[in-house]
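Coordinates in review
Here is what each chain is made of, one letter per residue.
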Amino acid sequence: MVLPSLPPCGRRGLALAILLALPALGHAQSAAPDCPVGVLSCPPKPLDWGMCRKGDLLDFYIPGLPTEGERAEAPQEVSAERISTPDPDRYLLEGKAELRQLDLVLRADSLEYNHVSTDFSVDGHVRYQDRSLLAAADSAKGNVDRDQCTLSGVRYQLLGSRGNGIADVAVIDDRQHAKLDGATYSTCDLGSQQWAFAAREITLDRDEGVGRARDVTLRVVGVPVLWLPYLRFPLDDRRQSGFLLPTVGYGKRRGLDVTAPYYLNLAPNYDATLMPRLMSERGAMLGAEFRYLTDSSRGQFSFDVLPHDRGAADEEREYGESLPSSRWWYQWQNSSGFGPNWSATANVNRVSDDRYFEDFGRGLYSSAISFLPSRVYLNGRGNGWTASFGGDDYQITDPSLGIGSKPYRRLPRATFDGERNVLGPLAVGANAEFVAFARDESLDGRRLDVFPYVALPIETAAYFVRPQIGYRYTGYELDHLENAGNPLLTRRRPSRGVPIFSVDAGLVFERDFQFRGGGWTQTLEPRLYYLRVPYRDQSDLPIFDTQEIPFSFAELFRPNRFVGADRQMDANNLSLALTTRVLESATGEERLSASIGQIRYFDEQRVHLPGRPPTDYSGSAYAGEVALRLSDRWRFVLDQQWNPNTHRTDLSTFTVQNRFGSSGVVNFSYRYRRGLLDQVDVSAAVPLGEGWRLIARDNHALSMPRAAASDPHGTGGRPLERFIGIEHDTCCVSWRLLARRWVHNALGESDNAIYFELELKGVGSLGQQTDAFLRRAILGYQ
């Protein structure tokens, strides 16, 4: 039987009132997602519902309904035990009345409809289901033409996403406006409501895309933990202004630390977040973040300011140095495009003093920043070339470092790199850089570095040969020679020119074999690298931005052991290396990689940084690397350097990782570099039961370098970072408690903190977010 018209309350009213209304209450605190810089709209972080019960549905769920197709184009089917027309205007369906249309099913004890007035009523065990919603009501009545509907005794469950709850009464005034009384919402399992939002009244305005709730209570395991007299929340993807979830923490330097962000939806392409912050030991701070997005630019400007630091006087007495009473930080990040070949980037950072991050850093690793960089560049890119023009500046943010350790300001700085094939594989290219260096009370100057070259790379699957010859010229124009601190720096315009020749060649041998019933491939890859650079005396050249690269296996194949143009190594060297790999033939996965190599010196190594004597070794240290993955659960990595000239180990690092169970991981690492570090690092995430995990790390220095201020004799060790915590994950709630102690500056001073994070899945998180910190601290944590 086909009726002239079907009541929208049964087909659409429940979905309008429940599907669009109550889930929005659960998402009311997520108006401003944590998007990348300049992106004003991004998908929310995916939630893990793996702990939820499978098939936990209301008891009237009908499996097997269609999940695809257009409902409006499908035929309508109506059935009942008795169908009558008490008068010409009314239809009455009694006894297991049911309406079906594609994925929609409406069932009730009785359904009455007046096709003249378009009034309708549905009574007794009202049940509704479609592809996204499962709902029940005691009764429903309304009017089709006016799109009005009133439901009582509502229970609902979202099928397309997590969410369930109840409503005493749901009143739909029209398609755009609705009101619900006595409503609840939770993403927990039906039989285990660990948390739920409840509101005395909810009004919905789809024209504005806004919902308003009054007398809102959050209950956790039945206990009220949060009450709000009024709550405004979004009903759709349109951003809405309002408070975000607060963060709460505690630290020795700040005391109780509470931030209550307020999001401002200013325009479709820009917004802001105000972040008032109260620290019991320091005072009230105001922070803000402004984000913008245009056709050609995106970026954000952020700042924090503490007008009066109550703890500054205590730190002055503790450290014997003056601190400003007003503490602040700001950052500007921007990326702009100017057509297909040109763009500009900016990352400008400043703080009020060198102890700011120790005292107020928001990130768990912010206190480890020693030099705060600022960069602004115009960048170009084309077919075979790249170029840039801009500058770099740095601010010291570690109080243990003196002004002499501050990197030079590089402003302006211009670079160009280009290469083009001119005859088959024959290529010509050039790398160039111009920099102006400046630093207070130091030698200043300008430097031009140019390296034109010719290369003839020949590449095949079985071998490669890459000869290259070029000439490197570096010239200076220096100022303030009296501040050089080096009696050899006497010329205002010193320069250096040197030819550089290299040949890089290698072979690749392969063999297939069978092992434990599977096919495998092993490679053997010998490689030679010859480098010839005549000696040039460079003792009269300054050191602006040049450092010696720590020796490693990769350094066997570099034309310079220095980074920066102030030094070019002399060389008459031959690097010899051998690599073997073992791969699964079926998947191509690499199970084993092992390499060893050494540089053989045919001449004395005469170019060094100031203060270091020349060496006359016949060979470098032997450098070896091994990476072994026995299975998806076991991983082993080893780096080793043994120096035949001193008969001692220069470097030794190894890491062992074991994954166990469904979410367990244990890491053990040892890191040693002669004269610099000697550390052991143990970290683990250990399952304790369903949903419970112990997390811990101990990063311990076995000995300290003699240069360390905290250990001038260089004999004793100390813990660098320790934390231990516990986390619990359920279907709809996860929380984490973490206690941490760590060294926060080069003086070896330590700090303590306790972090607590609570996440109501589908709503948001409260407290200091520690996910990113744990992923860095525990390899394989997630």
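Here we summarise the structure given alongside this text. Everything numeric in this text was worked out from a predicted model, so none of it was measured.

1. Details of unusual backbone geometry
Put simply, Leu411 and Pro412 share a cis peptide bond, and its omega is 0°. Mapped onto the elements, Pro412 comes out in strand β24 (residues 409-423). Phi is positive for Glu441, close to 55°, though the residue is something other than glycine.

2. What to know about the state of the cysteines
One pass over the structure, following the stated rule, counts one disulfide. There is a disulfide in this structure between Cys188 and Cys732, and the S-S distance comes to 1.8 Å. Judged by the sign of its S-S torsion, about 80°, the cystine formed by Cys188 and Cys732 is right-handed. In this pair, Cys188 sits in the loop between β9 (177-185) and β10 (195-205) while Cys732 sits in the loop between β42 (718-729) and β43 (733-743), placing the two residues 544 residues apart along the sequence. When sorted by exposure, Cys188 lands in the same class as Cys732, which is buried.

3. Details of the packing of aromatic side chains
Taken as a whole and judged by the stated rule, the model has 24 aromatic pairs. Geometrically, the ring pair formed by Tyr356 and Phe360 is tilted, given 5.4 Å between the ring centres and 50° between the ring planes. Taken together, the residues span about one helical turn, with Tyr356 and Phe360 both in helix α4 (residues 356-360) at a distance of four residues. Its relative accessible area of 1% is what places Tyr356 among the buried residues. Considering the side-chain rings of Phe437 and Phe544, the 4.4 Å spacing of their centres and the 10° angle between planes classify their relative orientation as stacked. Highlighted residues: Phe437 in strand β25 (residues 426-438) and Phe544 in the loop between β31 (518-533) and β32 (547-548), separated in sequence by 107 residues. Neither residue differs from the other here; Phe437 and Phe544 are each classed as buried. Clustering of aromatic rings is evident, with ring pairs tying together Phe301, Phe303, Trp328 and Tyr330.

4. Some remarks on a nonpolar patch on the surface
A surface patch of nonpolar side chains, about 870 Å² in accessible area, is lined by Leu456, Ile458, Tyr463, Leu507, Phe509, Leu524, Leu578, Ile596, Tyr622 and Trp642. Looking at the secondary structure, you find Ile458 in strand β27 (residues 458-459).

Cut-offs used in this document
Residues numbered from 1 in each chain as written. Predicted model: local features only at pLDDT ≥ 70, side-chain atom pairs only at ≥ 80, totals over all residues. Heavy atoms only, no water. Helix = DSSP H or I, 4+ residues; strand = E, 2+ residues; numbered from the N terminus. Disulfide = S-S within 2.5 Å. Buried < 20%, exposed > 50% of the residue type's maximum accessible area, 1.4 Å probe, protein only. Phe/Tyr/Trp six-rings, centres within 6.5 Å; stacked < 30°, edge-to-face > 60°. Patch = residues over 30% accessible without salt bridge, like charges linked within 9 Å, V, L, I, M, F, W, Y side chains within 5 Å. Areas by Shrake-Rupley, 256 points an atom, 1.4 Å probe, with all protein chains shown as cover. Salt bridge = Lys/Arg side-chain N within 4 Å of Asp/Glu carboxyl O.

Take it as geometry only, folks, not as evidence of what the structure does.
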